[in-house]
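# Close look at the chain arrangement
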Amino acid sequence: FLRRCGGGRWGDCKMEFLINPAVRTLQDIGHMMEFAWRGQSAGLVVGFEPENLVLTGIGSGTSVADVLVPLLVGIVIAGGYTIVLEQLGYLVARTTGVGSGYLRRIAATEARGLDATELRRKYDGKLENFAASFTESWFYAIDLVIAYRIFWGSAWCWPSNWDTSNGIYSDGRTSTIPNVPPYYAPREMRAFYVIEFGFYSSQLLSVLTKSKKKDFAQMVIHHMLTALLIALSYTIGALRVGIVVMVCHSMFDPFLNSAKCYHYMFRKTSPLHVLADLNFALCAITFFIFRFGFYPYAIYCTVSHQLPEKMWVSNATNTENVLKLMLVLLLPIHAYWFYLILKVLRGALGGGTVQGDARSDADDDSDSDDDAVEDKKER
């Protein structure tokens, strides 16, 4: 449809410079999903074959629209995808009885002719928190599966090859990849990149528009830095290091958000609440390994690459130096979040179970165990 519009009525209005990049990006996303689903059996042209390479960077002979329109398409696709997951999260929350304690207290309060506005606000907040955690859990899980299917068969994706001439910082402006010109990347890699940019952009909007948590400022800074990092690295064609950084950041998120979902679903006294404890323990382990192990090493390989043109100041552009600095600036935020994780872990060790998300407001905690206490207070 878009291609017909680009060559017909819209083409007469000189809109093809926007339509054509959008069409190519949608085709690349379909190509990525088919490859991730069917693998090599799909019979697709993948990797560094000439017919599978696309331009990514500004200054490579392509127009600004060719670079920026795919990012806008990524925002639309990822935004719509997260909305679907979020609505599914609300459905799961209502089906499994998340916040049922609040519903009972709301009914009892209104039966006595009292105002239940505050209770309804807390109930809506709990559903919102569950839906947000459900969305992030599934998005990151699917994201990691797609990354594994597409990239992990490549040598550059593994830490043992990060600091080689064909490692994570060998593409982009000064590409050293055999038969790959500067600023070129495989179609499936660009598609993965623009979807990631769209997701973090939609998450930033979500943080700004929904109820604030204790780490609101840290979340805004993190999402802004991440979206800016993705966009800037995309415009200079440095996609490999970006994908490695994404994987290092995403690895713990399915465990964290699954722990939160189980915490909202089950009472602390329920045997099934152990699922929250187990997922949170895996979250703490993966967070430490990937964000304080692999991620700093990826920064080291990026900043002090063995090739002279990739050193911190030697022949590096201002944009490249800014990107390296931004990678370093994410580390203090990681340290703060790990401190919060350790606080929850200490509470779990002392109280026998995960007591809630240290990043969240008090309303996030499970309400079910407090029903009897609340009823006594109301009486």
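Note that the structure is a prediction, hence the values are computed from the model and not measured.

Thresholds, definitions, all that
Residues numbered from 1 in each chain as written. Predicted model: local features only at pLDDT ≥ 70, side-chain atom pairs only at ≥ 80, totals over all residues. Heavy atoms only, no water. 1 Å grid on protein atoms, 1.4 Å probe; cavity = no way out; pocket = protein on both sides within 12 Å on 5 of 7 lines; lining within 4 Å. Points joined across faces, edges and corners; volume = space filled by probe spheres on them. Helix = DSSP H or I, 4+ residues; strand = E, 2+ residues; numbered from the N terminus. Nonpolar A, V, L, I, M, F, W, Y, C, P; charged D, E, K, R; others polar. Expected span 1.5 Å × (residues − 1). Buried < 20%, exposed > 50% of the residue type's maximum accessible area, 1.4 Å probe, protein only. Arc of directions from axis to C-beta. Core = buried A, V, L, I, M, F, W, Y, C linked by side-chain atoms within 4.5 Å. Contact = heavy atoms within 4.5 Å. Salt bridge = Lys/Arg side-chain N within 4 Å of Asp/Glu carboxyl O. Polar contact = N/O pair within 3.5 Å; in protein donor to acceptor, adjacent residues only side chain to side chain. Axes fitted to C-alpha atoms, helices over the stretch in contact; angles between N-to-C directions. Parallel < 35°, antiparallel > 145°, perpendicular 65-115°, else oblique.

It is worth spelling out empty space enclosed by the protein at this point. Per the counting criterion, the structure on display carries 3 cavities of 30 Å³ or more. Considered as a void within the structure, the largest cavity measures approximately 220 Å³ in volume. Contributing to the lining of the largest cavity are 20 residues, with Leu229, Ser233, Gly242, Val245 and Leu327 lying nearest its centre. Broken down by secondary-structure element, the contributors of at least two residues to the lining of the largest cavity are helix 7 (187-209), helix 8 (216-235), helix 9 (239-250) and helix 12 (318-351). Partitioned by chemical class, the residues of the lining of the largest cavity number 13 nonpolar, 5 polar and 2 charged.

Spanning 12 residues, helix 5 (residues 100-111) covers 17 Å between terminal C-alpha atoms, matching the ideal 16 Å at 1.5 Å per step. Within the sequence span of helix 5, burial applies to Gly101, Tyr102, Arg105, Ile106 and Thr109. Seen from one end, helix 5 has its buried residues packed into an arc of 135 degrees, which puts them on one side. Taken from the residues just after helix 5, Gly113 is the one with a positive phi, measuring 75 degrees.

Turning our eyes to something else, we now look at the nonpolar core. Phe151, Trp156, Ile168, Phe192 and Ile243 are the most contacted members of the largest nonpolar core, which totals 77 residues. A per-element tally of this core places helix 7 first, with 11 residues. Not counting chain neighbours up to four residues away, the residues in contact with Ile168 comprise Trp156, Asn161, Trp162, Arg240, Val241, Val244, Ala298, Cys301 and Thr302. Grouped together as the second largest cluster of nonpolar side chains are 14 residues, Tyr102, Ile106, Leu127 and Ala131 included.

Scanning the entire structure with this criterion turns up 8 salt bridges. One salt bridge connects Asp28 with Arg190, and the closest N-O pair in it is separated by 2.6 Å. Here Arg190 lies in helix 7 and Asp28 lies in helix 3 (residues 16-38), a separation of 162 residues in the sequence. The pair Asp28 / Arg190 is uniform in exposure class, with both members buried. Residues Arg291 and Asp253 are paired through a salt bridge, measuring 3.9 Å at the closest nitrogen-oxygen approach. Linking Arg291 in helix 11 (residues 274-303) with Asp253 in helix 10 (residues 253-265), this pair joins segments that are 38 residues apart in sequence. Residue Arg291 is classed as buried on the basis of its relative accessible area of 2%.

The subject of this paragraph is unusual backbone geometry. For Asn179, which is not a glycine, the phi torsion comes out positive at approximately 65 degrees. As for its position among the elements, Asn179 is in the loop between helix 6 (117-151) and strand 2 (184-186). A residue is classified by how much of its surface remains accessible, and Asn179, at 74% relative accessible area, is exposed.

In this model, the largest pocket occupies a volume close to 830 Å³. In this structure, the largest pocket is lined by 47 residues; those nearest its centre are Glu136, Gln203, Ser206, Val207 and Met219. For the lining of the largest pocket, the secondary-structure elements that each account for two or more residues are helix 4 (64-96), helix 6, helix 7, helix 8, helix 10, helix 11 and helix 12. With 8 residues, helix 7 is the single largest residue contributor to the lining of the largest pocket. Its residues assigned to classes, the lining of the largest pocket shows 19 nonpolar, 15 polar and 13 charged.

A word on the side chain of His249. Here His249 shows up in helix 9. Of the polar contacts made by the side chain of His249, one reaches the backbone oxygen of Val245; its length is 2.9 Å. For His249, the residues in contact, after removing those within four places along its chain, are Tyr200, His222, Arg291, Tyr295, Leu330 and His334.

Before going further, it helps to spend a moment on the packing of helix 3 against helix 7. Where helix 3 meets helix 7, the axes come as close as 8 Å, and the angle between the chain directions of the two elements is 105 degrees. On the basis of the axis angle, helix 3 is roughly perpendicular to helix 7. Contacts between helix 3 and helix 7 pair Arg24, Thr25, Gln27, Asp28, Ile29, His31 and Met32 from the former with Arg187, Glu188, Arg190, Ala191, Phe192, Val194 and Ile195 from the latter.

By themselves these figures say nothing about function.
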